[in-house]
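Architecture at a glance
Residue-level listing of the chains:
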Amino acid sequence: MENSVGLGGITLVVAAIVWLAIFVPGFSKRSELRANSSIVKRDVKVAQAKLPMTSDEKLNRLVNTQRFFSVLFAMFLIGSISAALAATTNAGWWVLSIAVGILAILSILVSRAASVQASSLASKLHRTRQELRKKASTKRPLLENRDWAPNPIPAPLNQPKVGELVNNLADVVEIQRPANILQSKELDAILARRRAI
């Protein structure tokens, strides 16, 4: 069988239409979703930056500051000592040793200041938590009688109140026998007609 030359072109046109109808809108939707999610993330970061820090966050920040400047002090102290040892052979190293020593002293001062603030904040937090625990333990009401008591059952709505006379009785009607009573032969004839249908 011979295929016409235009079949390849038609297939290419159909593939292009499918591409434009399915994949291009998906790419544009995906880019819109990425833009929206980046906007939301940025707004969340801005909102979190505007929130005031809690006492626990302040304490964590002070402890991290103390640790960072303690490590920095150790590094500057080692640098100052090594520069002082190098200054024994070359006089130019004394200036570097003194400068690094001053930085070591400043870093230990910052570390100590952060430590003092962290300890005062931690003791304040501890006191407030202990006070809350005491208040929670003392404010509990002491139950004297813990015996089981049944739930009260509500009175039915249709019960008459005491002292009222309710006449809910229906009228008495005599039941009379119908005048047209069918005989058994008549019933058999009716049933035979129904069966014939």
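The structure reproduced in this document is the subject of the present report. (Residues numbered from 1 in each chain as written. Predicted model: local features only at pLDDT ≥ 70, side-chain atom pairs only at ≥ 80, totals over all residues. Heavy atoms only, no water.)

1. Here's the deal with the nonpolar core
Leu59, Leu62, Ala114, Ala118, Leu121 and Leu125 form the largest nonpolar core, which has 6 residues in total. The set of elements that each furnish at least two residues to this core consists of α2 (55-87) and α3 (93-138). A per-element tally of this core places α3 first, with 4 residues. (Core = buried A, V, L, I, M, F, W, Y, C linked by side-chain atoms within 4.5 Å. Buried < 20%, exposed > 50% of the residue type's maximum accessible area, 1.4 Å probe, protein only. Helix = DSSP H or I, 4+ residues; strand = E, 2+ residues; numbered from the N terminus.)

2. Remarks on the packing of aromatic side chains
Tallied over the entire structure, the rule returns 1 aromatic pair. Ring geometry for phenylalanine 68 against phenylalanine 69: centres 5.3 Å apart, planes inclined by 80 degrees, an arrangement best described as edge-to-face. (Phe/Tyr/Trp six-rings, centres within 6.5 Å; stacked < 30°, edge-to-face > 60°.)

3. Points about helix α4 (residues 184-196)
Working note: α-helix, 3.6 residues per turn, so residues spaced by three or four point in the same direction. Look at α4: 18 Å from first C-alpha to last across 13 residues, which is about the 18 Å you get at 1.5 Å a residue. Sparse coverage of α4 is indicated by the burial of 0 of its 13 residues. (Expected span 1.5 Å × (residues − 1).)

4. Digging into the pattern of salt bridges
Within the structure shown, the criterion is met by 1 salt bridge. Measuring nitrogen to oxygen at the nearest pair gives 2.9 Å for the salt bridge that ties arginine 129 to aspartate 56. Of the two residues, arginine 129 is situated in helix α3 and aspartate 56 in helix α2; the sequence distance between them amounts to 73 residues. Looking at arginine 129, the relative accessible area reads 40%, which means it is partly exposed. (Salt bridge = Lys/Arg side-chain N within 4 Å of Asp/Glu carboxyl O.)

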